[in-house]
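Structural overview for review
Read off the chains here:
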Amino acid sequence: GGWLRLRPFFCQEGRSSEGTSSDKMPPSGGAAYARIKRIKERLKKKKALEGGGGGSKLAHEGTSKNMGDTQSKTSIRSPRSEKDPENPEEDIYPVHVNLKRTIDELERWPGLVKDYTALTMYFLFCCLFMSLVVFQLDVPTQYELDHMVRHRLLDQEGALANVAGHGDVFSYLLKEYDSDTGDWTEDDGGVFGTLFEAEHYNGDPIIGEDVGFLFSFNKLIGGVQLKQIRGTEQKCSEGRGFSNYNLFYETCYEDEPQVFGDSPEEIERSKFGDRETIDGSQTYTATVAPAFQWDPIEQGFTTFLSLADGSSYNKKRLEDLNTMRWLDKRTKQLEIKFIFYNGNFGKFTFAKIILSFDKGGIYRPYDPESAAVQQAMAKGIQLKIGSLNMEPYLKEIDFVRLAFEVVFMVWVFILVASFVREQVENAMSGHFLKRWSPFNVLDAINYTCNILFIYMRIMILRKIIEGYVKVPVNDYQRIFEEVYEDTQNQLTVNFVSILLCILRFFKYYQFQPRLQIVNKTMGAAVVHLYHFMLIFGIILCGFAVLGHLNFGKQSRDFVTIIYSIQTLWESLFGNIDLGPTIGNTDLGYINIYMGQVFFISWMFIAFLVLWNVFIGILMDAYGLALEEGKAAAEKRGKEQPDAVGDDVAAFMSEISTVLDRNAWKFNREALLHSLKLLDKHLPDPEVEFDVYQKELKVLQKQQQMLAHRIQYLETMTSEDIQHEPFHDLWKQKTVTINQIADVLPRVSESIKREEIDEDNLEIVWSNLLSVLGEDGDGQDARQHADHHEEKILKDLVANLMEDNARMRRKVSTLDT
């Protein structure tokens, strides 16, 4: 039983007596199972013969005789064949084990197990990390709340996209927007009407606990804050220098924000607006006066619309801000911020509208028809919306997540300690640079991101605990904005970390010949890709500059060179139509001829030419990687590299063997030691290297001679040989300088034979005459080839005679 259990470990050779070669047998444990199947079939035939009577004994004796003959030829015998020769199950031939290959497979097995274990552990680590991030952010809930705020409450693609001037800001807050006409109505409404809704849909007043609800389930926290950031004012001559138009346009406004201190003097100096009206009116003093002076806490000019003040009072405050021109030329940015709580999800949602007033005199709007990457253009209208869990550990599932967070934290520190220890050992041994690879750089950056993720998570939890908000409140709670910003920073770190996790998988693919195909492909293509990227980058930047200069003044997709590069890159994947009459950019409206030339030339060069060159580079590299993998497999006696399925099957076979009750006795270690002991006592096969090398050289010479002869014959049989003056055949048709000198008087009356100096003639016409060399290149090519062939044949006969004499001497020695 132990003998059969060891058979899955053997690399078996087929039996020559049955005409079965070793390369037709399965290379692994499958050969043992096929052998057992043949044994069972032969047992059935034997029982059938015994049942027939007569010839059973004779058949058995014949089988036993064959067994004895075969066993005498092998170095490994079945133990039971000597103990129980009458057993019908021993009607088999002894197993021939490929000693070297079996030892190689056994020695490779621990490394294979180690590599698969490392890949599995890294996969589990990545799954744990990504699961934590997914559960912490709760993206589906954030999407529902974000969609409600962005599209229903703030109307990003409708009313908000049409905010252009200061007056539109107050219209957006106080009036309804008619999407059909694109005008603001005089009816009360707008964002303010939704945030401070005073009536139910049937006209009943909203009182008591229902005050402050948005869309039935979202409770406003405190109110709404408006924050203005103002720029600096200076003489145009100070910023632009001397200009003939400085007297015509004296004052300029810069984007640098104006900042004041927190002292009473600084706050007094920061006041702006019609101070006589504001300070002289008791109404304005109560409603809007704080908005016209510096707020040292918020670092800007703010006003807060408190939910406790009621809808009417807050509406009056907005109208007073509009009347007193709170927004003016020095306004550079306006922020509208509010927070609400949804008890169904248990989430706080922070929303922030950012309107930037540019030097063109408008709020640069959100453009839903622009390219997807450029919808939130720099210095344009932006929306920042985020859902926050201010009670992260409240339910049972939250504590399960906490346990996984602790496991992840411990796991990260173990990996970091192991990585640092490995690098220190490499540095101390002097092999740091030798063992350093690009994957080590990815490891270091990824571990750094993991540590940052843990640190930022702890800081967020600390802020939540220390900044616990007791509701209801009548002021703006900045803790929600801070937690939102920290969460966005953490999300950025996680983005980089997950991207590196994906790339680091290629490090763990290197041990498996099938999984490493991408590594091998990129390694074979890296030189070609480097040069390809140089060419592609130059062409991309050139077309980006061309599009920026010609179309940027009217097309938002080309307004900057960076946007131009992004637009051209997306066009290669069909995301943007660059045609003169197709798509949102519509270059034909700018210049129909430039648009057509630009579109056709870019798509032809980048898409039709460069894109296919890129694919060709990868395909060639992929073919080389396949050939390399196949060559490596053939060195190990296999037709193709092992697949993951083969390794899994080997693992399953190993598990079935280990589960056997005698596995402790017949294990891999015992087999490996036994085979190594046999390997020491068995003589190695003799290889006559001298004979092989001589024969190889002769065959190589013959191959070279035949190749040259074939090339010569193909050239000589060409139909156009008469029209090829440089052909070797025409070297046989030559003339001398003397013959040319004899002909010259016949073709030129001004030249006489006695006046010709052949040496001077040769010097003058040296650049015009095709002179044959002195190395015999004018000989007949056929004679040269025949002579070369005769020499090779003589060498071959001499080598064969020498080998024959050596073999005769060896035979005579053996006979003696």
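Here the structure is a predicted model, which is why all the values come from computation and not from measurement. (Residues numbered from 1 in each chain as written. Predicted model: local features only at pLDDT ≥ 70, side-chain atom pairs only at ≥ 80, totals over all residues. Heavy atoms only, no water.)

**Some thoughts on the overall build of the protein chain**
- Helix and strand counts for the protein chain stand at 26 helices and 11 strands.
- Counting over 816 residues, the protein chain shows a buried share of 36%.
- Restricting to contacts in the protein chain with at least 6 residues of sequence separation, those with at least 24 account for 67%.
- Only carbon and sulfur atoms are counted for the fraction: they give 58% of the accessible area of the protein chain, which is about 50300 Å². (Helix = DSSP H or I, 4+ residues; strand = E, 2+ residues; numbered from the N terminus. Buried < 20%, exposed > 50% of the residue type's maximum accessible area, 1.4 Å probe, protein only. Contact = heavy atoms within 4.5 Å. Areas by Shrake-Rupley, 256 points an atom, 1.4 Å probe, with all protein chains shown as cover.)

**Here's the deal with the pattern of salt bridges**
- Going through the model one piece at a time under the given rule, you end up with 31 salt bridges.
- For aspartate 486, the salt bridge is made with lysine 463, and the minimal N-O distance between the two is 2.7 Å. Pair noted here: aspartate 486 is in helix 17 (residues 478-504) and lysine 463 is in helix 16 (residues 438-466), with a separation of 23 residues, a long-range link.
- Using a relative accessible area of 29% as the deciding quantity, one classes lysine 463 as partly exposed. (Salt bridge = Lys/Arg side-chain N within 4 Å of Asp/Glu carboxyl O.)

**Digging into the pairing of strand 11 (residues 382-388)**
- For strand 11, a buried count of five out of seven residues is recorded, marking the element as mostly surrounded by other parts of the structure.
- Relative to strand 11, strand 10 (residues 347-356) runs antiparallel, the two sharing seven bridges. The residue bridging isoleucine 354 from the neighbouring strand is glutamine 382, located in strand 11. (Pairing = 2+ DSSP bridges.)

**Digging into the environment of arginine 401**
- Checked against the element boundaries, arginine 401 lands in helix 14 (residues 396-429).
- Sequence-wise, arginine 401 and serine 131 are 270 residues apart; in three dimensions their C-alpha atoms are separated by 9.3 Å.
- The contacts of arginine 401, once residues within four sequence positions are left out, are Leu132, Phe135, Gln136, Pro392, Tyr393 and Arg457.
- There is a polar contact of 2.8 Å between the side chain of arginine 401 and the backbone oxygen of proline 392. (Polar contact = N/O pair within 3.5 Å; in protein donor to acceptor, adjacent residues only side chain to side chain.)

**What about the state of the cysteines?**
- Scanning the model with the defined rule gives one disulfide in all.
- The disulfide that involves cysteine 236 links it to cysteine 252, with 1.9 Å between the sulfurs. Here the disulfide of cysteine 236 and cysteine 252 is right-handed, its torsion about the S-S bond being about 105°. Here cysteine 236 is found in helix 9 (residues 236-240), whereas its partner cysteine 252 is found in strand 7 (residues 251-257), with 16 residues between them in sequence.
- Note on cysteine 252: relative accessible area 14%, which makes it buried.
- As a non-bridged cysteine, cysteine 449 has cysteine 501 as the owner of its nearest cysteine sulfur, 8.9 Å distant.
- You can call cysteine 449 buried: its relative accessible area is 10%.
- We note that cysteine 501 lacks a disulfide partner, and the nearest cysteine sulfur, in cysteine 126, lies 4.0 Å from it. (Disulfide = S-S within 2.5 Å.)

**Overview of the nonpolar core**
- In terms of nonpolar packing, the biggest core is built from 52 residues, with Tyr172 and Phe338 touching the most fellow members.
- For tyrosine 172, the residues in contact, after removing those within four places along its chain, are Leu154, Ala159, Leu160, Val163, Trp184, Gly190, Val191 and Ile353.
- The next biggest cluster of nonpolar side chains, apart from the first, holds 20 residues, and it includes Cys126, Val412, Phe505 and Tyr508. (Core = buried A, V, L, I, M, F, W, Y, C linked by side-chain atoms within 4.5 Å.)

**A look at the confidence of the model for the protein chain**
- Mean pLDDT for the protein chain: 80, with 80% of residues reaching 70 or above.
- A low-confidence stretch, residues 53-92 (pLDDT under 50), is modelled with 44 contacts involving residues beyond four sequence positions or located in other chains.
- The model gives residues 371-377 a pLDDT under 50, and that stretch makes 19 contacts with residues more than four places away or in other chains. (pLDDT = per-residue confidence, 0-100.)

**Brief notes about the side chain of lysine 227**
- Positionally, lysine 227 belongs in strand 6 (residues 218-235).
- Look at lysine 227: it is buried, it has no salt bridge, and the nearest opposite charge is glutamate 335 at 4.3 Å.
- Within the structure, lysine 227 has its side chain in polar contact with the backbone oxygen of glutamate 298 (distance 2.7 Å).
- Residues in contact with lysine 227, not counting those within four places in the same chain, are Glu298, Gln299, Gly300, Phe301, Thr302, Trp326, Gln333, Leu334, Glu335 and Lys337. (Lys, Arg positive; Asp, Glu negative; His and termini not counted.)

**Describing the packing of aromatic side chains**
- Inspection of the entire model under this criterion finds 37 aromatic pairs.
- Ring geometry for tyrosine 116 against phenylalanine 511: centres 4.8 Å apart, planes inclined by 80°, an arrangement best described as edge-to-face. One end of the pair, tyrosine 116, is in helix 5 (residues 99-137); the other, phenylalanine 511, is in the loop between helix 17 and helix 18 (517-551), with 395 residues separating them in the sequence.
- Overall, the relative accessible area of 22% leaves phenylalanine 511 in the partly exposed class.
- When the ring of tryptophan 294 is compared with that of phenylalanine 301, the centres are 5.6 Å apart and the planes differ by 80°; the resulting orientation is edge-to-face. (Phe/Tyr/Trp six-rings, centres within 6.5 Å; stacked < 30°, edge-to-face > 60°.)

**Notes on the environment of leucine 671**
- Within the fold, leucine 671 resides in helix 22 (residues 668-681).
- Put simply, leucine 671 and isoleucine 103 are 568 residues apart on the chain and 8.9 Å apart in space, counted from C-alpha to C-alpha.

**Thoughts on the side chain of asparagine 314**
- As for its position among the elements, asparagine 314 is in helix 13 (residues 311-323).
- Here asparagine 314 falls in the buried class, since its relative accessible area comes to 0%.
- One polar contact links the side chain of asparagine 314 to the main-chain carbonyl oxygen of glycine 310, over a distance of 2.9 Å.

**Notes on the pairing of strand 4 (residues 183-188)**
- Where strand 3 (residues 175-178) meets strand 4, three bridges bridge the pair, whose relative direction is antiparallel. The residue of strand 4 that forms the bridge with aspartate 178 is aspartate 183.

**Some remarks on the environment of serine 311**
- Secondary-structure assignment places serine 311 in helix 13.
- For serine 311, a relative accessible area of 25% gives the class partly exposed.
- Counting along the chain gives 99 residues from serine 311 to glycine 212, while the straight-line C-alpha distance between them is 9.8 Å.
- The contact partners of serine 311, leaving out residues within four places of it in the chain, are Phe192, Phe196 and Ala198.
- Among the polar contacts listed, one links the side chain of serine 311 to the backbone oxygen of phenylalanine 196, at a separation of 3.3 Å.

**Observations regarding unusual backbone geometry**
- Residue proline 472 is bonded to the preceding valine 471 through a cis peptide linkage, with omega at 0°.
- For phenylalanine 215, which is not glycine, the phi dihedral falls at a positive 50°.
- Its location among the elements puts phenylalanine 215 in the loop between strand 5 (213-214) and strand 6.
- Its identity is not glycine, yet glutamine 299 carries a phi of approximately 55°, on the positive side.
- Inspection of the secondary structure puts glutamine 299 in the loop between helix 12 (282-287) and strand 8 (301-306).

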